[in-house]
Amino acid sequence: MAQDIHQDRILILDFGSQYTQLIARRVREIGVYCEIHPHDLDEAAFYSFAPKGVILSGGPESVTSDLAAPDYLFGAGLPVLGICYGLQTMANQLGGRVESSDHQEFGYARVELMERTDLTLDIADEVTGGVSYLDVWMSHGDKVVEAPPGFTVFARSENSPIAGMQDERRRLYGLQFHPEVNHTLQGESLLRRFIIEICGCDGLWTPANIVEDIIEGVRAQVGDDQVILGLSGGVDSSVVAALLSRAIGDQLTCVFVDNGLLRRNEREQVVGMLGEGSDNAFHLNIRVVDASDTFLTRLAGMTDPEAKRRVIGNTFIEVFDEESASIENAKYLAQGTIYPDVIESAGNKGKAHVIKSHHNVGGLPEDMALDLIEPLRELFKDEVRKIGLELGLSHEIVYRHPFPGPGLGVRILGEVTRESADLLRLADDIFIEELRRADLYDRVSQAFAVFLPVNSVGVVGDARRYAPVVSLRAVETIDFMTARWAHLPYDLLERVSGRIINEIEGISRVVYDISSKPPATIEWE
């Protein structure tokens, strides 16, 4: 490539905000590479990363806590944008004053722009009587009541006397509101002004450039060796397959493992969509390995979710090691690990707690015969989809709902058996079929059925049925870091429930999960 698409980069220091990943996505959408690091990143790592600008995230703490930006940061000569808590710690550390507020702001607020600055120059939602206003999203308890020396206050709201401040000479900026959320209507414009104009970044982070960069990196890493990819048919592994096919051609062998925990007709669909005989332009070499007996035998009697994940992950690797023995020069195992996997598994060297382990992030056997190659590790899900389309994959493949690596193993609560997997497969298939029929499949981000380890009494015809319960789950999300339960029409839910109970003898009752993330997770285990 003529230019390094990572050369202009923004550093995001995380203070624990639920919106931190959203900040990163917004920066990427503007066309600039960024990474999330802990708020106390050491100085050597900071200069090694060599950012062109820094964004301080929000956070749940008060500035009276020990959470502060690094001492070296504000003297580094780089533009810094503090958002919410980031504004407050900037003010507190540079000589301003922050106090707890009797009137907290959560939700919509109207901000008055008291004067034009290089950050807000021509940005406004409304101009009335010569005064400019922004419609924004607030989420804070503390507030800045005195700006540090050298700062100009340029914005205020009803409950925040300092909703925006800046030291133009030192290029230090603070916003009490959240420009990264959609409810701040000019948020993208403000972030673009900071990143492109103030930080001087070029918009090199585009789907076409990302594809070219990954392909060059793969070729340099792999050389003449062979690569094995675990192909599930989901968007992540399908995009990895397309990238590797473009990069190294027939050096790639895709292995589809039937672990007995797949969706209905999964094996046939994957081979039909991506295999050598498909209409797809890649004509991938796919080897199908039926290891369902091995997986289900090892899961017998096991109920702990993390234990099930470990067994499924380790068995998966064993199967790959055995299959790789028959492929000459096989050196690499390719995986569809994406950035949210890394973050959620606390693999970003930050302060995050492990919510759940991912089968493709850590936890792999130390004596694994193959080295890992993870082409998508830097990307969010929406970026993966964009480069999938850039590569020429079909809409059906790129926008297929995510499916967890452990498959139905984490959608069957309690012990996994062949019988429970068969019942869940049928229920899940009915749910997805009805969503497609109602033209709602692409309007929700993920939908599936969950098998519950409880029995419920039902009456089918004149017969009493005492059988398990299935829960339907559908969510709407952009980044899968947060999600809202999908408000599906009642008549659709009624139709799906009726079909499942009437068509599947082993299920007595259907419920609908109305939990959002947070506090719940998308998957049940």
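Bear in mind the structure is a predicted one, so any value in this text is a computation, not a measurement.

(A) Structural view of the overall build of the protein. The number of helices and strands found in the protein is 14 helices and 19 strands. Relative to the 2.2 N^0.38 estimate, which gives 24 Å for 525 residues, the radius of gyration of the protein is 25 Å and therefore close to what a compact globule would have. Dimensions of the protein, computed from C-alpha atoms along their principal axes, come out at roughly 75 × 65 × 40 Å. Among the 525 residues that make up the protein, the fraction classed as buried is 57%. Pairs at least 24 residues apart make up 73% of the contacts formed inside the protein by residues separated by at least 6 positions. Element-wise, carbon and sulfur atoms account for 46% of the exposed surface of the protein, whose accessible area totals about 22000 Å². Across the protein, the mean location of the 48 positive side-chain charges is 3 Å away from that of the 81 negative side-chain charges.

(B) View of the layout of surface pockets. Empty space within the second largest pocket amounts to approximately 390 Å³. Forming the boundary of the second largest pocket are 17 residues, of which Y19, L22, V181, H183 and T482 lie nearest the centre. Here the lining of the second largest pocket is built from residues that sort into seven nonpolar, five polar and five charged.

(C) Up close: the sheet that holds strand β11 (residues 226–230). Reading across from one edge, β13-β12-β11-β14-β15 is the order of the five strands in this open sheet, with parallel pairing throughout. Of all the strands in the sheet, just β13 (286–290) and β15 (371–373) have a single pairing partner and so form its edges. Strand-to-strand, the axes of this sheet are offset by a mean angle of 30 degrees, without reference to chain direction. Note: strand β14 (residues 330–334) against β15, three bridges, orientation parallel. Directly across from A334, in β15, lies its bridge partner I373.

Procedures and definitions
Residues numbered from 1 in each chain as written. Predicted model: local features only at pLDDT ≥ 70, side-chain atom pairs only at ≥ 80, totals over all residues. Heavy atoms only, no water. Helix = DSSP H or I, 4+ residues; strand = E, 2+ residues; numbered from the N terminus. Rg over C-alpha atoms; globule rule 2.2 N^0.38 Å. Buried < 20%, exposed > 50% of the residue type's maximum accessible area, 1.4 Å probe, protein only. Contact = heavy atoms within 4.5 Å. Areas by Shrake-Rupley, 256 points an atom, 1.4 Å probe, with all protein chains shown as cover. Lys, Arg positive; Asp, Glu negative; His and termini not counted. Charge placed at Lys NZ, Arg CZ, Asp CG, Glu CD. 1 Å grid on protein atoms, 1.4 Å probe; cavity = no way out; pocket = protein on both sides within 12 Å on 5 of 7 lines; lining within 4 Å. Points joined across faces, edges and corners; volume = space filled by probe spheres on them. Nonpolar A, V, L, I, M, F, W, Y, C, P; charged D, E, K, R; others polar. Pairing = 2+ DSSP bridges. Axes fitted to C-alpha atoms, helices over the stretch in contact; angles between N-to-C directions.

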